[in-house]
Amino acid sequence: MAISIKTPEDIEGMRIAGRLGAEVLDYITPFVKPGVTTGELDRLCHEYMVNVQGTVPAPLNYAPPGYTPYPKAICTSVNDVICHGIPGDKVLKNGDVVNLDITVITKDGYHGDNSRMFYIGEPSILARRLTEITYECMWLGIAQVKPGNHFGDIGHAIQLHAEKAGYSVVREFCGHGIGKVFHEEPQVLHYGKAGTGEELKPGMIFTIEPMINAGRREIREMGDGWTIKTKDRSLSAQWEHMVLVTETGYEVLTVSAGTPPPPAFIGNSVAGAKAAA
Ligand code: MF3
Ligand code: CO
Ligand code: CO
């Protein structure tokens, strides 16, 4: 099966979905503080999507083959949780780091998938460095997006930066094509060899969402059927954007007023680095 090339109409729908997905993260930011529960963050995001945006949370009742239906609207992955943390009565405390992963579905049926890291109060030096390196990894991957490059170029750039810092790349989960379908081809690996894999073509839309562990890369699945933690209990970080391959490079679709700026090394000269403008 081939990787889909989006129509101009699809691309316009995905720009809207991406912006709405990012705006949920903007909305929730002031609430992400010591004392709040992950369940409260889920409730607030869910209400905002449905009542303010008119979007629907894609995770709710999402059930890929072999999974039980996901029970909440967002994912809240705290400290050694790599991904798919289920919101509940966990209270966030000073020094925690949390990834909030939001996917909206618009009224036209398009998915807007993105995530950011948040510090609860003051992070440890390790937590801050891991979070920053992971952000750089995502952007180094994005910077590889242009026609003629290969998916392996993205993975290679991410892996090189993570491992130079002494960290490891999670292998079991990857980025993905996205559109009217939440997860479609291709699988966007966050490790690999430059020049390998399919060629990038204008009109492809996919996520880049590296999960980077401070320790070893191995994972542990929790009994709830969803939550994934580091096997060695080391911290894990993740950031996620949706990108479109353009004729000259890339366009980040998950952009809102509160989107963090790209690292300085990306600069404004990079084709399509709209978020940097
Ligand atoms: N948003 C996640 C991703 O980046 C997927 C979460 S699936 C869920 O692909 F069911 F756990 F929400
Ligand atoms: Co995703
Ligand atoms: Co996501």
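Treat the numbers as computed from the prediction; the structure is a model and nothing was measured.

Enumeration according to the criterion identifies eight aromatic pairs in this entry. On the numbers, 5.5 Å between centres and 50° between planes, the contact of Y27 with F31 is tilted. You can call Y27 partly exposed: its relative accessible area is 24%. For F31, a relative accessible area of 34% puts it in the partly exposed group. Connected via pairs of aromatic rings, a cluster forms that spans Y27, F31 and Y48.

Around the cobalt ion (ligand 3), the protein contributes the donor atoms D101 (OD), D101 (OD), D113 (OD) and E240 (OE), at 2.0 to 2.4 Å from the metal centre. Classification of the site at the cobalt ion (ligand 3) rests on its six donor atoms, whose angles at the metal span 58 to 167°, yielding the label irregular. The distance between the cobalt ion (ligand 3) and the cobalt ion (ligand 2) comes to 3.4 Å, with D113 serving as a donor to both metals. Of this pair, D101 sits in strand 4 (residues 97-105) while E240 is found in the loop between strand 13 (236-238) and strand 14 (241-245), placing the two residues 139 residues apart along the sequence. Side by side, D101 and E240 carry an identical accessibility label, which is buried.

Our focus in this paragraph is the site of ligand 1. Taken together, 14 residues lie near ligand 1, and P59, D101, H183, E209 and E240 sit nearest. One nitrogen or oxygen atom from the side chain of D113 is found 3.2 Å from an oxygen atom belonging to ligand 1. Residue H183 places a side-chain N or O atom 2.7 Å away from an oxygen atom belonging to ligand 1. If ligand 1 stood free it would expose 340 Å²; the protein chains cover 96% of that surface.

Turning next to the coordination of the cobalt ion (ligand 2). For the cobalt ion (ligand 2), the protein coordination sphere consists of D113 (OD), H176 (NE2), E209 (OE) and E240 (OE), at 2.0 to 2.2 Å. Between the six donor atoms coordinating the cobalt ion (ligand 2), the angles at the centre fall across 51 to 163°, so the site counts as irregular. Ordering the donors of the cobalt ion (ligand 2) by residue number gives the pattern D-x62-H-x32-E-x30-E. For H176, a relative accessible area of 4% corresponds to the buried category.

Before going further, it helps to spend a moment on the nonpolar core. With 34 residues, the main nonpolar core has V145, I154, F206 and I208 as its most contacted residues. Listed by contribution, the elements that provide at least two residues to this core are helix 3 (125-142), helix 4 (151-164), strand 9 (205-208), strand 14 and strand 15 (250-252). With eight residues, the single largest contributor to this core is helix 3. Those residues in contact with F206 that lie beyond four places of it in its chain are V145, F151, I154, H176, G177, I178, V188, L200, H241, M242, V243 and V245. In terms of nonpolar packing, the next biggest core, distinct from the first, is built from 21 residues, V32, Y48, V98 and F118 among them.

Taken over all residues, the pLDDT of the chain has a mean of 96, while the share at 70 or more is 96%. Low confidence marks residues 269-277, where pLDDT is under 50. Its contacts with residues over four positions away, or in another chain, come to 16 contacts.

On to the environment of P262, then. One can find P262 in the segment after strand 15. Look at P262 and you get buried, because its relative accessible area is 13%.

Bringing the sheet that holds strand 10 (residues 211-213) into the picture now. Taking strand neighbours across the sheet as the criterion, the three strands line up as 6-10-13 in an open arrangement whose pairing is antiparallel. Where the open sheet ends on each side, the last strands, each with one partner, are strand 6 (168-169) and strand 13. Relative to strand 10, strand 6 runs antiparallel, the two being bridged by two bridges. Bridging from a neighbouring strand, S168 pairs with N213 of strand 10. Packed onto the sheet, helix 3 meets strand 10 and strand 13 and runs at close to 35° relative to strand 13.

Per the stated rule, a full pass over the model turns up 12 salt bridges. Put simply, R128 and E122 hold a salt bridge, and the shortest N to O gap is 3.3 Å. In this structure R128 comes out as partly exposed when scored by relative accessible area, which is 32%. Judged by its relative accessible area of 53%, E122 is exposed. Between R216 and E218 there is a salt bridge whose closest N-O contact spans 3.4 Å. According to the relative accessible area criterion, R216 is exposed, its value standing at 55%. Here the salt bridges do not stand alone but share partners, grouping E12, R15 and E251 into one network.

Calculation notes
Residues numbered from 1 in each chain as written. Chains lettered and ligands numbered in written order. Predicted model: local features only at pLDDT ≥ 70, side-chain atom pairs only at ≥ 80, totals over all residues. Heavy atoms only, no water. Phe/Tyr/Trp six-rings, centres within 6.5 Å; stacked < 30°, edge-to-face > 60°. Buried < 20%, exposed > 50% of the residue type's maximum accessible area, 1.4 Å probe, protein only. Donors = N, O, S within 2.8 Å, 3.2 Å for Na, K, Ca; no water. Tetrahedral: all angles 85-135°; square planar, octahedral: opposite > 155°, others 65-115°. Helix = DSSP H or I, 4+ residues; strand = E, 2+ residues; numbered from the N terminus. Near = heavy atom within 4 Å. Polar contact = N/O pair within 3.5 Å; in protein donor to acceptor, adjacent residues only side chain to side chain. Areas by Shrake-Rupley, 256 points an atom, 1.4 Å probe, with all protein chains shown as cover. Core = buried A, V, L, I, M, F, W, Y, C linked by side-chain atoms within 4.5 Å. Contact = heavy atoms within 4.5 Å. pLDDT = per-residue confidence, 0-100. Pairing = 2+ DSSP bridges. Axes fitted to C-alpha atoms, helices over the stretch in contact; angles between N-to-C directions. Salt bridge = Lys/Arg side-chain N within 4 Å of Asp/Glu carboxyl O.

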